[in-house]
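These are the residues of each chain, in order.
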Amino acid sequence: MPNLDRRGFLAASAVAAGAGIAGPLTATDAAASPAPAPAPGAAGPKILPSDARYPSLQTGINRRHVARPEHVKMVRSARDAEDALREAIARRKRVSVRSGGHCLADFTCNPEVEVLLDFSEMTGVGYDERRRAFYVEPGAHLMAVYEALYKGWGVTLPGGVCHSVGAGGHISGGGYGLLSRDFGLVVDHLYAVEVVVPGSGGRPRTVVATREAGDPHRELWWAHTGGGGGNFGLITRYWFRTPGTEHAPPERQLPAPPARLHASAIDLSWSELTEDRFVRLLQNYGAWHERNSGPDAPGRHLSTLFNANARRFGSLAHYAQSSSRATLDQYLAALLDGTGLTPRPVERPSGELAAMPNLFTPRELPWLDAARMVGSPNPVWANPLARVGLKSAYHRRNFTGHQLKAAYRHLSQTGNPDTSLVLLSFGGAINAHGEADTAAAQRDSVFKVLYQAIWSRRQDDEKETARLRAFYGDVYAETGGVPVTGGVTDGCYINYPDTDLADPAVNTSGVPWHELFYKGGYERLRAVKRAYDPHAVFRHKLSVAP
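Residues numbered from 1 in each chain as written. Predicted model: local features only at pLDDT ≥ 70, side-chain atom pairs only at ≥ 80, totals over all residues. Heavy atoms only, no water.

Draft legend 1. Quick look at the sheet that holds strand β1 (residues 46-47). The sheet built from four strands is open, its strands ordered β1-β2-β4-β3 with mixed pairing. Single-partner strands in this sheet number two, and they are β1 and β3 (95-98). Running at roughly 150° to strand β2 (residues 71-74), helix α2 (residues 78-91) makes contact with β1, β2, β3 and β4 (115-118) of the sheet. (Pairing = 2+ DSSP bridges. Helix = DSSP H or I, 4+ residues; strand = E, 2+ residues; numbered from the N terminus. Contact = heavy atoms within 4.5 Å. Axes fitted to C-alpha atoms, helices over the stretch in contact; angles between N-to-C directions.)

Right, dumping it as structure tokens:
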């Protein structure tokens, strides 16, 4: 979801809409079946400011950013998208696009937007017999995708825990979740993508790009395996099939999740935390992941979501799941080793973890039940005033002592209880791929870190963003205030766009923002940009430049 510069159109890819760490729907909402795919040429309405629906469509999950477009165009088909883009180019209107509305930057919602293209009605999920692949449309919520694939064929995609994220942006940025250590990134299973590209002379066209070696559009497919949203065109459909399964029946063309999982949730009180205990706890976490993040590591079937909340929140909440109870038990013992901390039941929600007192003793659950449970709280959507700041980092190796002491200091001192350092397992099957295989280039990391703050008052924007910037900058002070590539860290996740990385006053590392997100793949992405959007119709603050 782009915010074009002053010289160009503001346009965006529908895939960017899911780029944030959005809060999920409730389990009941997320379980709803996706709507049938619209007719091939279906056209949606234009919603004007006088319409009662308009106020709800002016913003996304981050209420810091608001658009005031002339109209919101509901897009229902590739033809509809093509017509809408053609009209916007002809009328020289600033355009932005969304699918799930989860981009935390202002790429979609800002006052300069004149036409907002909304892909949330394109929610189809099914099997395409002609292409022998599963299709997913950009507006489908992730939980709806999981429900449809699993109930229909017993398969899934290794996507995120945020139930209401739109498939569009989640996929274009790479897509990862609690099954990624088992099955890789979502884009490791991407077969094809349908994209409305600007073309030349204001004549948009629809292109289907596949991973087939002989496909003349293969580079456009590659660009959508982690190149992020708002760069190349409007995505109207994805197709998925795991490489090497083209002759298999549908039930074996995507990963089958574990039938059952062992799940654990524990709470760790800040009243017991000293700096030494905090450092030991997170060092234990990082050390275990260093040992168990190779493609064949014995612990690759375990994944975690660990909310290291601010002291004012009162506790840290930790969730882990594994197909092996023995692996889970061994991991929990390693996590707490030498900390002197007493685990307790998780009695209240923490971020995307619900209250889970029944998981204090690990419990075996059907996979789909576990998938519905994690991410079922909605700390942002539940707050209609929520304003969010988010930063990210990939770690190739464990935290340094400096990083952990800085984290402890900021979490101890912040006045905002909804500030957290979120740790997520990475590696495993993700690391079985090469850096250049997809545009998602971070392929030897062991865990991922999010730095997150949520607040409600507009007048606190400057204070809270400054606090978060200082938190992040202090943790990575040894490397110029950012998690540089190739050392302990390996850059940032493009689906969590952070415009500070393009500001040399904040990023003093000398490493450009595009290397932090794309590493060595940026020039290849620029070549794709020149081929399909040479005039940069699709631009935003962190877009690929032709």
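Once you've had a look at it, read on.
Draft legend 2. Fine view of the side chain of S180. Of note, S180 is situated in helix α5 (residues 180-183). Taking the relative accessible area as the measure of exposure, S180 reaches 1% and is therefore buried. Of the polar contacts made by the side chain of S180, one reaches the backbone oxygen of P158; its length is 3.0 Å. Of note is the side chain of S180, whose polar atom sits 2.9 Å from the backbone nitrogen of G177. (Buried < 20%, exposed > 50% of the residue type's maximum accessible area, 1.4 Å probe, protein only. Polar contact = N/O pair within 3.5 Å; in protein donor to acceptor, adjacent residues only side chain to side chain.)

Draft legend 3. Local environment of the sheet that holds strand β7 (residues 190-197). Pairing is antiparallel in the open sheet, where five strands are placed in the order β5-β6-β9-β7-β8. The outermost strands of the open sheet, each flanked by one partner alone, are β5 (125-128) and β8 (205-210). Direction aside, the axes of adjacent strands within the sheet are offset by 25° on average. As paired strands, β7 and β8 are joined by six bridges and run antiparallel to one another. Bridge pairing links A192 to T210 in β8. Docked against the sheet, α2 engages β7, β8 and β9 (234-240), running at close to 35° with respect to β7. Taken strand by strand, helix α3 (residues 142-153) contacts β5 and β6 (133-136), and its axis lies near 50° from that of β5.

Draft legend 4. Representation of the environment of V380. Here V380 lies in the loop between α9 (367-373) and β14 (387-395). When sequence neighbours within four positions are dropped, the list of residues in contact with V380 reads I61, A386, V388 and I454.

Draft legend 5. View of the packing of helix α7 (residues 275-291) against helix α10 (residues 401-413). The contact between α7 and α10 brings their axes to 9 Å, and the two run at 125°. Of the possible angle classes, the one that applies to α7 and α10 is oblique. The hand of the α7/α10 crossing is right-handed. Counted together, E275, F278, V279, L282 and Q283 of α7 and L404, K405, A407, Y408 and L411 of α10 form the full contact between these two elements. Of the residues assigned to the contact of α7 with α10, the class counts are seven nonpolar, one polar and two charged. (Parallel < 35°, antiparallel > 145°, perpendicular 65-115°, else oblique. Left-handed = near helix turned anticlockwise from the far one by under 90°. Nonpolar A, V, L, I, M, F, W, Y, C, P; charged D, E, K, R; others polar.)

Draft legend 6. Layout of the environment of P45. Looking at where P45 falls in the secondary structure, it is placed in the loop between α1 (27-30) and β1. Spatially, the C-alpha atom of P45 lies 8.3 Å from that of V72, the residues being 27 residues apart in sequence.

Draft legend 7. Structural detail: helix α11 (residues 461-475). Counted at 1.5 Å a residue, the expected span for α11 with its 15 residues is 21 Å, and the 21 Å between its end C-alpha atoms agrees. Residues of α11 that are buried: D461, E464, T465, L468, F471, Y472, G473 and V475. On its buried face, α11 is in contact with β14, α10, β15 (419-425) and β16 (447-455). (Expected span 1.5 Å × (residues − 1).)

Draft legend 8. Up close: the packing of aromatic side chains. A full pass over the atoms with the stated rule returns 25 aromatic pairs. Taken together, a centroid distance of 5.3 Å and an interplanar angle of 75° make the contact between Y176 and Y493 edge-to-face. Here Y176, found in the loop between α4 (167-172) and α5, pairs with Y493, found in the loop between α11 and α12 (513-518); they are 317 residues apart in sequence, far enough to count as distant. This pair shows no difference in class: Y176 is buried, exactly as Y493 is. Ring geometry for W270 and Y408: centres 5.7 Å apart, planes at 35°, overall tilted. Here Y408 lies in helix α10 and W270 lies in the loop between β10 (260-269) and α7, a separation of 138 residues in the sequence. Judged by relative accessible area, which is 2%, W270 ranks as buried. Cluster of aromatic residues (ring-pair linked, three or more members): Y176, Y394, F426, Y493 and Y496. Of note, K448 hangs over the ring of Y493, and the distance from its end group to the ring centre comes to 3.5 Å. The aromatic ring of W222 is capped on one face by R524, whose charged end is 3.8 Å from the ring centroid. (Phe/Tyr/Trp six-rings, centres within 6.5 Å; stacked < 30°, edge-to-face > 60°. Lys NZ or Arg CZ within 6 Å of the ring centre and 35° of its normal.)

Draft legend 9. Highlighting the pairing of strand β11 (residues 302-309). Taken across its eight residues, β11 has eight buried, putting it largely inside the fold. What you see with β11 is no split at all: L302, T304, F306 and A308 on one side and S303, L305, N307 and N309 on the other are buried throughout. With antiparallel pairing between neighbouring strands as the criterion, β11 and strand β12 (residues 315-322) make up a hairpin whose turn holds five residues, including G314 at a positive phi of roughly 110°. Pairing between β11 and β15: five bridges, direction antiparallel. Its bridge partner lying in β15, N309 is registered against S420.

Draft legend 10. Representation of the environment of G230 in the model. The residue G230 is located in the loop between α6 (218-223) and β9 in this model. The class for G230 is buried, based on a relative accessible area of 0%. With 132 residues separating them in the primary sequence, G230 and R98 have C-alpha atoms 9.6 Å apart.

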